[in-house]
Amino acid sequence: SGEPGTPEQPLLTDWLSGLSDDLAGRKGQGPLTFGHLKDADMEGKQSEEPGISLKMLTTNLNHREPYVFPRESNTFLFKEEDMRRFFAEDVFRHMCDYAAQTGVRPPEGFRFLPQGDDLPVIVPVRMAICFPVLLSTVPLYTIKESFLDRYRKNPGEELTEQDLQSNLFSDGGICSNFPIHFFDAWLPRRPTFGINLTSVPKEAARAAPEGEEKAAFSANAPVP
């Protein structure tokens, strides 16, 4: 956030958004969404499978826990004024046009976050790359429990800004810097490998002396 960028020198978020749209062949057609990735026609894709399955991890500092996007069950609202500062106009307009319809009327100037496939990819990307000093946190809002209690008794209860709780989202690495659990499955179709991009200690890199290593178990060894 801050001073607006220009076409020649766009802000980081605008540049990332334009780049992803361009790579997806959607330049000038609106922001890339999770639905576009899901419907992508990939070689070898089974009919029931998504073309590209993308998940983003970000940290809710107020809840002190990680959140995965996209989310089908949506409980977050955004403030229009905030999103205008964080995202390009086409992304902002899409978020307003595809705001989730929950049956609860949001306060003036607020809308519910688009659900699942309707969410632009750049939104959780920006939430996940927040870094202290360099990139500010992204605020979303939840409804306070006190309002929900009143709403259950009186479904006509009007939601006001005072009934909302601010939630600040920051770097997903705060909670999980290596979310390999995204690939967990009861019956995995393929193995998952993680690569640790750090230097190898000299002790680990040296070759073991000949004859020093032996199997931890041998079929010929006597049973203790």
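Right above here is the structure, for reference.
Here's a quick rundown of the structure. (Residues numbered from 1 in each chain as written. Predicted model: local features only at pLDDT ≥ 70, side-chain atom pairs only at ≥ 80, totals over all residues. Heavy atoms only, no water.)

Here we take up the packing of aromatic side chains. Scanning all chains against the criterion turns up eight aromatic pairs. Ring geometry for Phe 76 versus Phe 169: centroids 5.3 Å apart, planes at 80°, classification edge-to-face. Of this pair, Phe 76 sits in the loop between strand 2 (65–69) and strand 3 (77–79) while Phe 169 sits in strand 6 (residues 164–171), and the two are 93 residues apart along the sequence. Just as Phe 76 is buried, Phe 169 falls in that class too. Taking the centre distance of 5.2 Å and the plane angle of 90° together, the rings of Phe 110 and Tyr 141 count as edge-to-face. Of the two residues, Phe 110 is situated in strand 4 (residues 110–112) and Tyr 141 in strand 5 (residues 138–143); the sequence distance between them amounts to 31 residues. Each member of the pair, Phe 110 as well as Tyr 141, carries the same accessibility label: buried. Members of the aromatic cluster, joined through ring pairs, are Tyr 67, Phe 69, Phe 76 and Phe 169. (Phe/Tyr/Trp six-rings, centres within 6.5 Å; stacked < 30°, edge-to-face > 60°. Helix = DSSP H or I, 4+ residues; strand = E, 2+ residues; numbered from the N terminus. Buried < 20%, exposed > 50% of the residue type's maximum accessible area, 1.4 Å probe, protein only.)

Everything listed here is a matter of coordinates, which is why it stays silent on function.
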